[in-house]
Amino acid sequence: MPIKIPNDLPATQMLLNENIFVMTETRAITQDIRPLEIVLLNLMPTKIATETQISRLLGNSPLQVNLTLLQTSTHKSKNTSKEHMLAFYTHFDKICDRKFDGMIITGAPVEKLPFEEVEYWEELCKIMEWSKTNVHSTFHICWGAQAALYYHYGIKKYPLEEKLFGVFPHKADHKNAILLRGFDEVFLVPHSRYTTIQREDIEKTPELKILASSKEAGVYAVSTNGGRQIFITGHSEYDGDTLKQEYMRDKEAGLPVKVPVNYFPDDDDTKEPIVTWRGHANLLYSNWLNYFVYQTTPFDVMSIC
């Protein structure tokens, strides 16, 4: 089944070109089926790239998904046109009375700031609190995962000596984790961040379980019992050239950035990067949609609590 997104969203044509099954609003209204209601709080500066990446993964499953794009009111995007934001995004006060089967909260390039100094922190806290009663399962990515672990459980983030940047091998800590069903024993995930969370802080929190981690990148996947909250510290949704774009941007700006680990062949940034995480990314999102959203969400979305 397809993902339902607005007719004119840039992602629509991109995904159609990739043979991802997309259903526009016009066609969707003719079908008598309740799609999964998913809201995406997009905190990334590259809004169009991120909404396309997430749509691609949500659309590669047998489930029909109705995607709502959400932005903060307390921060205006500087990298995406005002026209795009007005056309395709909504604000929290417009959806706060609704219920959703699932929610995705993305990362954001603010990790060097204390949480309380982030411009939209109070609004984000309000949304995260709301998600506890209005969303069946919430999926947090990178800084979004760190922010949620801090807000819900008081788990702090810590600065790294240098940026964690590249594609790193991971293994399951919890061998029978449903979220990891079908994964290889070693799987690769992109990371791009300056901060981390400590394993011992999570292990002291009885509500949380570490599902997967990496020797180089640390804790990767964390879940509450029952999967109402999922925390992912990496960027499995990244396109093949996303790390390259970040690297070239920082390099051209004269920043002390190293070549992303395990990314360019022979660490030669003149060669095209090799994508080694796409299979894992598709499994991760399809498992979340199937086992933690579709299989357990109430048939009547309004009965979510």
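Refer to the structure presented above.
Just so it is clear, the model here is predicted, and its values are computed rather than measured.

Draft legend 1. Representation of the overall build of the protein chain within the structure. Within the protein chain one finds ten helices and twelve strands. Judged by the C-alpha coordinates and their principal axes, the protein chain covers about 50 × 45 × 40 Å. Per-residue burial over the protein chain gives 55% buried out of 305 residues. Across the protein chain, the fraction of contacts at a sequence separation of at least 24, relative to all contacts at a separation of at least 6, is 72%. Of the roughly 14,200 Å² that the protein chain leaves accessible, carbon and sulfur atoms contribute 52%.

Draft legend 2. Structural context of the nonpolar core. Ranked by internal contacts, the top residues of the largest apolar core, which has 37 residues, are Ile38, Leu58, Ile104, Phe139, Tyr285 and Trp288. Examining the composition of this core, we find that seven residues originate from one element, helix 10 (residues 278-294), more than from any other. By size, the runner-up hydrophobic cluster in this structure holds 34 residues, among which are Phe115, Val118, Trp121 and Trp130.

Draft legend 3. Structural detail: the state of the cysteines. Applying the stated criterion across every chain, the model contains zero disulfides. Summary of cysteine pairing: cysteine 96 is not part of a disulfide, and the nearest cysteine sulfur, belonging to cysteine 125, is at 16 Å. Distance from the sulfur of cysteine 142, which forms no disulfide, to the nearest cysteine sulfur (cysteine 125) is 18 Å. Residue classification places cysteine 142 among the buried positions, given a relative accessible area of 4%.

Draft legend 4. Representation of the environment of tyrosine 294 in the model. Within the fold, tyrosine 294 resides in helix 10. Apart from the residues within four sequence positions on either side, tyrosine 294 is in contact with Leu36, Leu63 and Leu289.

Draft legend 5. Spotlight on the pattern of salt bridges. Under the definition given, this model contains 13 salt bridges. The salt bridge partner of glutamate 129 is lysine 132, with a shortest N-O separation of 3.3 Å. In this pair, glutamate 129 and lysine 132 are both assigned in helix 6 (residues 121-134), three residues apart and thus about one turn of the helix distant. Close ionic contact of lysine 271 with aspartate 266 constitutes a salt bridge, the shortest N to O distance being 2.7 Å.

Draft legend 6. Summary view of the packing of aromatic side chains. As enumerated under the stated definition, the model contains 16 aromatic pairs in all. Between the aromatic rings of phenylalanine 139 and tyrosine 285, the centroid separation amounts to 4.8 Å while the plane-to-plane angle is 40°, which identifies the pairing as tilted. Of the two residues, phenylalanine 139 sits in strand 7 (residues 135-141) while tyrosine 285 sits in helix 10, which places them 146 residues apart along the sequence. Its relative accessible area of 0% is what places phenylalanine 139 among the buried residues. On the basis of relative accessibility, which here comes to 0%, the residue tyrosine 285 falls in the buried class. Ring-pair connections join several aromatic residues into one group, and the members of that group are Phe115, Tyr120, Trp121, Trp143 and Tyr150. Cation over ring: lysine 157 sits above phenylalanine 115, and NZ or CZ is 4.9 Å from the ring centre.

Draft legend 7. Representation of helix 9 (residues 242-252) in the model. Among all positions of helix 9, only Thr242, Leu243, Glu246, Tyr247 and Asp250 are buried. When helix 9 is viewed along its axis, its buried side chains cluster within an angular range of 135° and face the same direction. Buried residues along helix 9 sit against helix 3 (47-59), strand 8 (158-172) and strand 9 (187-196). Downstream of helix 9 by a residue or two, glycine 254 has a phi angle that is positive, lying close to 80°.

Draft legend 8. Quick look at unusual backbone geometry. Even without glycine at this site, asparagine 262 takes up a positive phi of about 55°. For asparagine 262, the position within the fold is in the loop between helix 9 and helix 10. Of note, aspartate 266 is a non-glycine position whose phi angle comes to about 60°, a positive value. The residue aspartate 266 is located in the loop between helix 9 and helix 10 in this model. Note on aspartate 266: relative accessible area 67%, which makes it exposed.

Draft legend 9. Seen up close, helix 3. The end-to-end C-alpha distance of helix 3, which contains 13 residues, comes to 18 Å, matching closely the 18 Å that a straight helix rising 1.5 Å per residue would cover. Residues of helix 3 that are buried: Lys47, Thr50, Glu51, Thr52, Gln53, Ile54, Ser55, Arg56, Leu57, Leu58 and Gly59.

Draft legend 10. Just the side chain of glutamine 71, in detail. For glutamine 71, the location among the structural elements is in the loop between strand 4 (65-70) and helix 4 (82-88). Excluding residues within four positions of it along the chain, glutamine 71 makes contact with Leu41, Met85, Tyr89, Thr90, His91, Phe92 and Glu123.

What counts and what doesn't
- Residues numbered from 1 in each chain as written.
- Predicted model: local features only at pLDDT ≥ 70, side-chain atom pairs only at ≥ 80, totals over all residues.
- Heavy atoms only, no water.
- Helix = DSSP H or I, 4+ residues; strand = E, 2+ residues; numbered from the N terminus.
- Buried < 20%, exposed > 50% of the residue type's maximum accessible area, 1.4 Å probe, protein only.
- Contact = heavy atoms within 4.5 Å.
- Areas by Shrake-Rupley, 256 points an atom, 1.4 Å probe, with all protein chains shown as cover.
- Core = buried A, V, L, I, M, F, W, Y, C linked by side-chain atoms within 4.5 Å.
- Disulfide = S-S within 2.5 Å.
- Salt bridge = Lys/Arg side-chain N within 4 Å of Asp/Glu carboxyl O.
- Phe/Tyr/Trp six-rings, centres within 6.5 Å; stacked < 30°, edge-to-face > 60°.
- Lys NZ or Arg CZ within 6 Å of the ring centre and 35° of its normal.
- Arc of directions from axis to C-beta.
- Expected span 1.5 Å × (residues − 1).

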